[in-house]
Each structure stands twice: as structure tokens, then as C-alpha cells.
Amino acid sequence: NDDASRYPFLTNSKVLRVDAATASLFPPIIGLDWFEDAIPHPDAVLADLVAYIVPEAIANKTNSRVPFTRNIALNEQPVVIDSSSCDSPFMTCPGETAPPTPPPEFNGCIG
């Protein structure tokens with residue numbers, strides 16, 4: 001293919017998108033985890049990029065988090081996150097008390 005020879009990212013099968021983790025809000029509308037979690041977790045964003053650029057650098061990766069990026073050149077599919085994926089609708093620091101549960105209509109983690 002003529003295009004693959006001109007573009008190294010096609011030759012090396014490295015075409016990344018930031019939609020590896022999605023939420024099916026109101027099909028066909030989806031939400032991207034990238035917009036919610038990438039900014040407060042730059043270390044996770046860098047780990048995703050390193051996993052594609054220098055995979056041997058993180059060979060012992062034990063993180064079970066769904067990555068932000070996927071390689072569409074390798075036909076990697078996004079993971080759809082739904083209410084069954086939620087452990088808790090609250091993010092609290094150790095020693096903090098979680099706020100009261102919001103009403104179901106405002107709680108995205110209750111199916």
C-alpha cells in the first residue's frame with residue numbers, strides 16, 4: 001500500500017485514539033473516560049503512551065485500569081463502562097467519610 005510506506009505510524013501499526021474506555025449514556029451517544037479522568041491522572045495517560053511506544057519499559061504492569069488509548073491499527077475495541085463497573089459513586093481520600101448517596105435520578109452508578 002502506497003500510503004503505508006509514506007506514513008511510519010501506518011507501517012508500524014500505531015494509530016492511537018483516546019476512546020478506549022467509553023460510557024454508553026444514551027445510545028448512540030457515548031461518553032469518553034478521557035474527558036473525566038485523563039486530566040487528574042497524567043501518570044495514567046503517560047503509562048498508556050509508554051505501553052505503546054516502549055512496551056518493554058512496563059512489562060510488569062499490574063494496573064487493571066482500562067486504558068485511555070487504544071490502537072485502531074490493531075483493531076483494538078473500546079471497553080464500554082456501565083453501572084455494573086461502578087464500585088462507588090464517590091471518590092474519597094483515606095480517612096474521609098463519603099457524602100450521603102444522592103437520589104437515584106442523579107446517581108449514574110445505580111442501574
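Residues numbered from 1 in each chain as written. Predicted model: local features only at pLDDT ≥ 70, side-chain atom pairs only at ≥ 80, totals over all residues. Heavy atoms only, no water.

> Describe the packing of aromatic side chains, listing the residues and the values that go with them.
Under the definition given, this model contains one aromatic pair. Arranged with centres 5.9 Å apart and planes meeting at 85°, the rings of W34 and F68 form a pair that is edge-to-face. Linking W34 in helix α3 (residues 33-37) with F68 in the loop between α4 (42-53) and β4 (70-71), this pair joins segments that are 34 residues apart in sequence. (Phe/Tyr/Trp six-rings, centres within 6.5 Å; stacked < 30°, edge-to-face > 60°. Helix = DSSP H or I, 4+ residues; strand = E, 2+ residues; numbered from the N terminus.)

> Report on α4, specifying residues and quantitative values.
Taking 1.5 Å as the rise per residue, α4 with 12 residues should run 16 Å; its terminal C-alpha atoms sit 16 Å apart, in good agreement. By the burial criterion, the buried members of α4 are A44, V45, D48 and Y52. Each buried residue of α4 lies within a common arc of 105° when the element is viewed along its axis, so the set occupies one face. Exposed side of α4, more than 90 degrees from the buried face: D43, L46 and I53 are the residues found there. (Expected span 1.5 Å × (residues − 1). Buried < 20%, exposed > 50% of the residue type's maximum accessible area, 1.4 Å probe, protein only. Arc of directions from axis to C-beta.)

> So what's going on with the side chain of N71? Which residues, and what values?
Counting through the fold element by element, N71 comes out in strand β4. The class of N71 is buried, set by a relative accessible area of 1%. For N71, the residues in contact, after removing those within four places along its chain, are S13, K14, V15, L16, Y52 and E76. (Contact = heavy atoms within 4.5 Å.)

> Provide a residue-level description of the pattern of salt bridges, including the pertinent values.
By the definition in use, this model includes two salt bridges. Here R70 and D19 are joined by a salt bridge, their closest N and O atoms 2.6 Å apart. Of this pair, R70 sits in strand β4 while D19 sits in the loop between β1 (16-17) and β2 (21-26), placing them 51 residues apart in sequence. Across the pair, exposure class does not vary: R70 and D19 are buried alike. One connected set of salt bridges, linked through shared partners, spans R17, D19 and R70. (Salt bridge = Lys/Arg side-chain N within 4 Å of Asp/Glu carboxyl O.)

> An account of unusual backbone geometry is needed here, citing residue identities and associated values.
Although it is not a glycine, N75 sits at a positive phi angle of roughly 60°. Residue position: N75 is located in the loop between β4 and β5 (79-81).

> Account for the environment of A73, naming residues and giving values.
Looking at the element boundaries, A73 is found in the loop between β4 and β5. For the pair formed by A73 and F9, sequence separation is 64 residues and the distance between their alpha carbons is 9.0 Å. Setting aside anything within four residues of it in sequence, one finds A73 in contact with S13, K14 and V15.

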